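Topology and contacts: notes
The lines below spell out each chain.
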Amino acid sequence: MLPKQGTATDAQYQTVLRVMGDLTPSPLNYEKAGEIISAINYAAAIRDTIKRDGNQCTKNLRQITQFIRTNLDIHIDVIRWAKSRFKRGTHNGTAPLRKTLHFQKVYDFASSGNQ
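Going along each chain's sequence as written, the residues are numbered from 1 onward. Two thresholds apply to this predicted model, a pLDDT of at least 70 for residue-level local features and 80 or more for giving and counting side-chain atom pairs, whereas whole-chain, interface and lining totals are computed over all residues. The side-chain figures draw on all heavy atoms in the structure; neither hydrogens nor water molecules are used.

1. A closer look at the overall build of the protein
Using the following cut-off: Helix and strand labels come from DSSP, where a helix needs a run of H or I of at least four residues and a strand needs a run of E of at least two; each type is numbered from the N terminus. Relative accessibility under 20% of the residue-type maximum defines a buried residue, over 50% an exposed one, and the middle range a partly exposed one, all with a 1.4 Å probe and only protein chains included. Contacts are assigned to residue pairs that have any heavy atoms within 4.5 Å of one another. Shrake-Rupley sampling with a 1.4 Å probe provides the accessible areas, and residues are treated as covered by the protein chains on show and by no other component.
Helix and strand content of the protein: five helices and zero strands. Along the protein, from the amino end to the carboxyl end, the secondary structure elements read α-α-α-α-α. Burial analysis of the protein (115 residues in total) assigns 37% to the buried set. A separation threshold of at least 6 residues defines the contact pool for the protein, and within that pool the share at least 24 residues apart is 63%. A total accessible area of about 7,200 Å² is found for the protein, and carbon and sulfur atoms account for 51% of it.

2. Some words on the layout of surface pockets
Cut-off, in case you're wondering: A cavity here means a set of points on a 1 Å grid, drawn over the protein atoms and nothing else, where a 1.4 Å probe fits but cannot get out; a pocket is an open set with protein on both sides within 12 Å along at least five of seven lines, and a residue lines either one if it has an atom within 4 Å of a point. Grid points are joined across faces, edges and corners, and a volume is the space filled by probe spheres set on the points. Put simply, Ala, Val, Leu, Ile, Met, Phe, Trp, Tyr, Cys and Pro go in the nonpolar bin, Asp, Glu, Lys and Arg in the charged bin, and everything else, Gly too, in the polar bin.
Space inside the second largest pocket adds up to approximately 260 Å³. Taken together, ten residues form the lining of the second largest pocket, with Asp77, Trp81, Ser84, Pro96 and Arg98 sitting closest to its centre. Examining the composition of the lining of the second largest pocket, we find that five residues originate from one element, helix 4 (residues 72-88), more than from any other. Of the residues in the lining of the second largest pocket, the class split is four nonpolar, two polar and four charged.

3. Notes on the side chain of serine 38
You can see serine 38 is positioned in helix 2 (residues 30-52). Setting aside residues no more than four positions away along its own chain, serine 38 makes contact with Val78, Trp81 and Ala82.

4. Some words on the packing of aromatic side chains
Filter applied, for reference: In this analysis, rings of Phe, Tyr and Trp, with Trp reduced to its six-membered ring, are considered paired at centre separations within 6.5 Å, and the interplanar angle assigns stacked below 30 degrees, edge-to-face beyond 60, and tilted for intermediate values. Charge-over-ring placement is defined geometrically: NZ (Lys) or CZ (Arg) within 6 Å of the ring centre, and within 35 degrees of the ring normal.
This model, assessed by the stated rule, comprises three aromatic pairs. Consider the rings of tyrosine 42 and tryptophan 81, whose centres lie 4.9 Å apart with planes at 90°: the pair is edge-to-face. Here tyrosine 42 is found in helix 2, whereas its partner tryptophan 81 is found in helix 4, with 39 residues between them in sequence. Judged by its relative accessible area of 14%, tryptophan 81 falls in the buried class. One Lys or Arg, lysine 59, reaches over the ring of phenylalanine 109 and ends 4.8 Å from the middle of that ring.

5. Some words on the environment of aspartate 108
Mapped onto the fold, aspartate 108 is located in helix 5 (residues 101-111). Classification of aspartate 108 as partly exposed rests on a relative accessible area of 41%. Taking the C-alpha atoms as reference points, aspartate 108 and isoleucine 50, 58 residues apart in sequence, are found 9.4 Å from one another.

In structure tokens form, the structure reads like this:
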């Protein structure tokens, strides 16, 4: 198991870079990479939920992820969600989401026509 301090792994870096592009922090440490990947996973789950609901997701993964990251209360909740999934061993499966206030804020942002 990798230590929780130090530089991000290559896999973490590539995942963050693929979604965030020029918004990828440099240097990227292990913990920050994990937090960003948590936001990416939550954003993807929101996008999938919107589509399953028969609605259109008007934002891309990067926009949704950045929305999560720039709203501290939401980002803290998303990190908690990701840690809980990891503890339960469900982090590699489909991401179940509870319809909380933060869920609704992200859902509304991702499905809104506002840029």
